[in-house]
Amino acid sequence: MTTSSLPAIPDFSGDVAAHYAEYRRGYPPAAFESLGRTFGLDAHPGIGDLALDLGCGTGQLALPLAAHVRTVIGMDPEPDMLREARAAADRAGVRNALWMLGTDADVPALADLLPGDRPLGVTVIGNALHWMRPDELFAALHPRTRPGGGVAVIANGAPIWAQDSDWSRALRAALEEHFGRPITASCGTDDAEREGYAAALKATGFTDVREAVITYEDALTPDQLLGTLYSAIPASSLPSRAERPAFAARLNAALPAPPTPAGYPEHVRISLLTGRIPG
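Below is a short write-up of the structure. All values reported here derive from a predicted model rather than from experimental measurement.

1. Focus on empty space enclosed by the protein
Empty space among the atoms becomes apparent when a probe as large as a water molecule is rolled across them.
In step 1: All told, the structure shown has 1 cavity of 30 Å³ or more when counted by the stated rule.
In step 2: Considering only enclosed or pocket space, the largest cavity measures out at about 50 Å³ in volume.
In step 3: Along the walls of the largest cavity sit Pro-222, Leu-225, Leu-226, Leu-251, Asn-252, Leu-255 and Tyr-264, which together make up its complete lining.
In step 4: Counting only elements with at least two residues in the lining of the largest cavity, the list comes to α9 (222–230) and α10 (244–254).
In step 5: With 3 residues, the single largest contributor to the lining of the largest cavity is α9.
In step 6: In terms of residue class, the lining of the largest cavity is built from 6 nonpolar, 1 polar and no charged.

2. So, helix α8 (residues 191–203)
In step 1: Its 13 residues give α8 an end-to-end C-alpha distance of 18 Å, which sits within 8% of 18 Å, the value for a rise of 1.5 Å per residue.
In step 2: Looking only at α8, the buried set comprises Arg-194, Tyr-197, Ala-198, Ala-200 and Leu-201. What you see down the axis of α8 is that its buried residues fit within an arc of 160°, all on one side. Exposed residues pointing more than 90 degrees away from the buried face of α8 are listed as Asp-191, Ala-192, Glu-195, Lys-202 and Ala-203.
In step 3: For α8, the N-terminal cap is Asp-190; the gap from its side-chain oxygen to the backbone nitrogen of Ala-192 is 3.3 Å.
In step 4: In the segment just after α8, Gly-205 is the residue with positive phi, at about 100°.

3. Overview of the layout of surface pockets
In step 1: One number sums up the size of the second largest pocket: a volume of about 330 Å³.
In step 2: Lining of the second largest pocket is provided by 17 residues; of these, Gly-157, Ala-158, Gln-163, His-267 and Arg-269 occupy positions nearest its centre.
In step 3: Of the residues contributing to the lining of the second largest pocket, the split by class is 5 nonpolar, 6 polar and 6 charged.

4. Here's the deal with the packing of aromatic side chains
In step 1: Summed over the entire model, instances satisfying the criterion amount to 3 aromatic pairs.
In step 2: Arranged with centres 6.4 Å apart and planes meeting at 80°, the rings of Tyr-27 and Phe-32 form a pair that is edge-to-face. Across the pair, exposure class does not vary: Tyr-27 and Phe-32 are buried alike.
In step 3: Arranged with centres 5.5 Å apart and planes meeting at 45°, the rings of Trp-167 and Tyr-264 form a pair that is tilted.

5. Digging into the packing of helix α7 (residues 166–179) against α10
In step 1: Packing of α7 against α10 leaves a shortest axis separation of 9 Å and a crossing angle of 140°. Here α10 runs oblique to α7, going by the angle between their axes. Considering how the two elements wind past one another, α7 and α10 form a crossing that is right-handed. Facing α7, whose interface residues are Ala-170, Leu-171, Ala-174, Leu-175 and His-178, α10 presents Phe-247, Arg-250, Leu-251 and Ala-254.

6. What to know about the pattern of salt bridges
In step 1: All chains considered together, the criterion is met by 11 salt bridges.
In step 2: The salt bridge involving Asp-15 is made with Arg-244; its shortest N-O contact spans 2.9 Å. Linking Asp-15 in helix α1 (residues 15–23) with Arg-244 in helix α10, this pair joins segments that are 229 residues apart in sequence. Each member of the pair, Asp-15 as well as Arg-244, carries the same accessibility label: buried.
In step 3: Here Arg-144 and Asp-112 are joined by a salt bridge, their closest N and O atoms 3.0 Å apart. With a gap of 32 residues between them, Arg-144 in the loop between α6 (134–141) and β5 (145–156) and Asp-112 in helix α5 (residues 107–113) connect regions that are remote in the sequence.
In step 4: On the accessibility criterion, Arg-144 (17% relative accessible area) is buried.
In step 5: We classify Asp-112 as exposed; its relative accessible area is 55%.
In step 6: Each of Asp-15, Arg-241 and Arg-244 takes part in a single network of salt bridges with overlapping partners.

Criteria and cut-off values
Residues numbered from 1 in each chain as written. Predicted model: local features only at pLDDT ≥ 70, side-chain atom pairs only at ≥ 80, totals over all residues. Heavy atoms only, no water. 1 Å grid on protein atoms, 1.4 Å probe; cavity = no way out; pocket = protein on both sides within 12 Å on 5 of 7 lines; lining within 4 Å. Points joined across faces, edges and corners; volume = space filled by probe spheres on them. Helix = DSSP H or I, 4+ residues; strand = E, 2+ residues; numbered from the N terminus. Nonpolar A, V, L, I, M, F, W, Y, C, P; charged D, E, K, R; others polar. Expected span 1.5 Å × (residues − 1). Buried < 20%, exposed > 50% of the residue type's maximum accessible area, 1.4 Å probe, protein only. Arc of directions from axis to C-beta. Polar contact = N/O pair within 3.5 Å; in protein donor to acceptor, adjacent residues only side chain to side chain. Phe/Tyr/Trp six-rings, centres within 6.5 Å; stacked < 30°, edge-to-face > 60°. Axes fitted to C-alpha atoms, helices over the stretch in contact; angles between N-to-C directions. Parallel < 35°, antiparallel > 145°, perpendicular 65-115°, else oblique. Left-handed = near helix turned anticlockwise from the far one by under 90°. Contact = heavy atoms within 4.5 Å. Salt bridge = Lys/Arg side-chain N within 4 Å of Asp/Glu carboxyl O.

This is the structure:
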């Protein structure tokens, strides 16, 4: 992936970050158990592992991961995301998480400040990887990751407008009408993107590159669907608070009625794409 092919990182500040904190789906315990087994993570104080959650958002990965390592660093380019993450850590009583402003371009400088020649036990990256330069990032992480440690690229299911269901297709059509353009973003979850990430891990020296998949069934209430959608729209395009009732009414009119009492069903497919440092 070349620099010129990357879109500018959008503004996920203000209400977008607040909706992200409230509505974005978390990850099941099995995901963190898989990471612990894959990388042999150690949570002992003083001698355990240091983890980096890059593009951490409001902490959906970093906060549960904190129980499996000595310290987790959450890094994100949006101050409001970090503010929400810090507040969530305080509410959850998580004391071994640090929050830092930065992007993938800051990883070499960050890692060089950390103790040891290979300070990182694991770096986790969620759907934010599609805003980054994977080949350059993985090359920077390789010499800074301990033997047996590595990188995990984690996809938390397809976006709500890109799922194989009648309600998702209706949502996408309504959004395309509203924004006046096709809505095609898969946020790093489609097969071609995942294969590209796997190839980049291998090309930069990571070994044992493999995918673990966790699936489960869930449902979104109409309020959850709308809140999740607002968490994905950049602040510059998010309807104003005054405009949101009319926007929500148009979406509700376009969507079929929820087919179950729980709401709109989702088949959630979590992909953990991992690559390790030999040792």
